[in-house]
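Listed below, chain by chain, are the residues.
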Amino acid sequence: MKKHILLDLLLTFMKIGLFTFGGGYAMIPVIENNCVEKKKWITHDDMMNVTVVAESTPGPIAINCATFVGFRQAGFSGALAATAGTVLPSFIIIYVISMFLNNFLEIRLIANAFKGIKVGVGILILDAAITMIRKMRKASLPCAIMGCSFVIMLFINIFSWNFSSMSLMLIAAAVSLVVVALKDGTKRKGVASK
């Protein structure tokens, strides 16, 4: 039984790694489709949480997601199988390209194909964002943090300011912690005064 799940994890994540261009954010909807909707390995809430954790830890987001799903299904060996499945297709493709084709992107057909792929990747990332926003809890604090972060990132990109998205995430986390701590403190004072 364990060999079956390991093979399933390896093949599923190889398929995800092979057919998803554009890196981690473009892979999120594909990972969710396969792991949440088709295989039922994790829930939508798990996917939201693992995306947040994967984004705030070192390493590519898709590999972190794969490692989490694999570990959840089959422990360490599952994490290894899922991670290998995500990495192998890209490694093999890049290795073959580097061995046989000089000036790969100077080939007109390939360069034009990559222009189309860029558009597709943008749509996949937008789809992932819309899906996460739809599934987000509709409380005022998360919506306010999301709106402010969007506006700040928009200004950062428009004016080409040198500001790390990681710093923005840490600020958002700090704001959330402070607001929750203040709410808890207010509730405790209200209970103590009664």
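Our subject in this report is the structure included herewith.

## Some thoughts on the overall build of the chain
From N to C terminus, the chain includes seven helices and zero strands. Moving toward the C terminus, one meets the helices and strands of the chain in the order α-α-α-α-α-α-α. On C-alpha atoms alone, the chain measures out to a radius of gyration of 20 Å, which is more than a quarter above the 16 Å that the 2.2 N^0.38 rule sets for 194 residues. Viewed in the frame of its principal axes, the chain has a C-alpha envelope of about 75 × 50 × 25 Å.

## Side note on the packing of aromatic side chains
This model, assessed by the stated rule, comprises three aromatic pairs. Each ring, one from Phe-155 and one from Phe-159, has its centre 5.9 Å from the other, and the planes form 5 degrees; the classification is stacked. The class of Phe-155 is partly exposed, set by a relative accessible area of 39%. The partly exposed category is assigned to Phe-159, whose relative accessible area is 46%.

## So, the pattern of salt bridges
A side chain of one charge can pair with a side chain of the opposite charge if their charged atoms are brought near each other. Enumeration over the complete set of coordinates arrives at two salt bridges. Measuring nitrogen to oxygen at the nearest pair gives 2.9 Å for the salt bridge that ties Lys-39 to Asp-8. Taken together, the residues Lys-39 in the loop between helix 2 (24–38) and helix 3 (44–56) and Asp-8 in helix 1 (residues 2–19) connect sequence positions 31 residues apart. Here Lys-39 falls in the partly exposed class, since its relative accessible area comes to 33%. As a salt-bridge pair, Arg-72 and Asp-46 come within 3.0 Å of each other at their nearest N and O atoms. Of this pair, Arg-72 sits in helix 4 (residues 61–100) while Asp-46 sits in helix 3, and the two are 26 residues apart along the sequence.

## So, empty space enclosed by the protein
Enumeration over the complete set of coordinates arrives at one cavity of 30 Å³ or more. Lining the largest cavity we find Ile-28, Glu-32, Met-47, Met-48, Thr-51 and Met-132. Elements with a minimum of two residues in the lining of the largest cavity: helix 2 and helix 3. Looking at the lining of the largest cavity, the element that brings in the most residues is helix 3, giving three residues. Residues that form the lining of the largest cavity fall into these classes: four nonpolar, one polar and one charged.

Thresholds applied
Residues numbered from 1 in each chain as written. Predicted model: local features only at pLDDT ≥ 70, side-chain atom pairs only at ≥ 80, totals over all residues. Heavy atoms only, no water. Helix = DSSP H or I, 4+ residues; strand = E, 2+ residues; numbered from the N terminus. Rg over C-alpha atoms; globule rule 2.2 N^0.38 Å. Phe/Tyr/Trp six-rings, centres within 6.5 Å; stacked < 30°, edge-to-face > 60°. Buried < 20%, exposed > 50% of the residue type's maximum accessible area, 1.4 Å probe, protein only. Salt bridge = Lys/Arg side-chain N within 4 Å of Asp/Glu carboxyl O. 1 Å grid on protein atoms, 1.4 Å probe; cavity = no way out; pocket = protein on both sides within 12 Å on 5 of 7 lines; lining within 4 Å. Points joined across faces, edges and corners; volume = space filled by probe spheres on them. Nonpolar A, V, L, I, M, F, W, Y, C, P; charged D, E, K, R; others polar.

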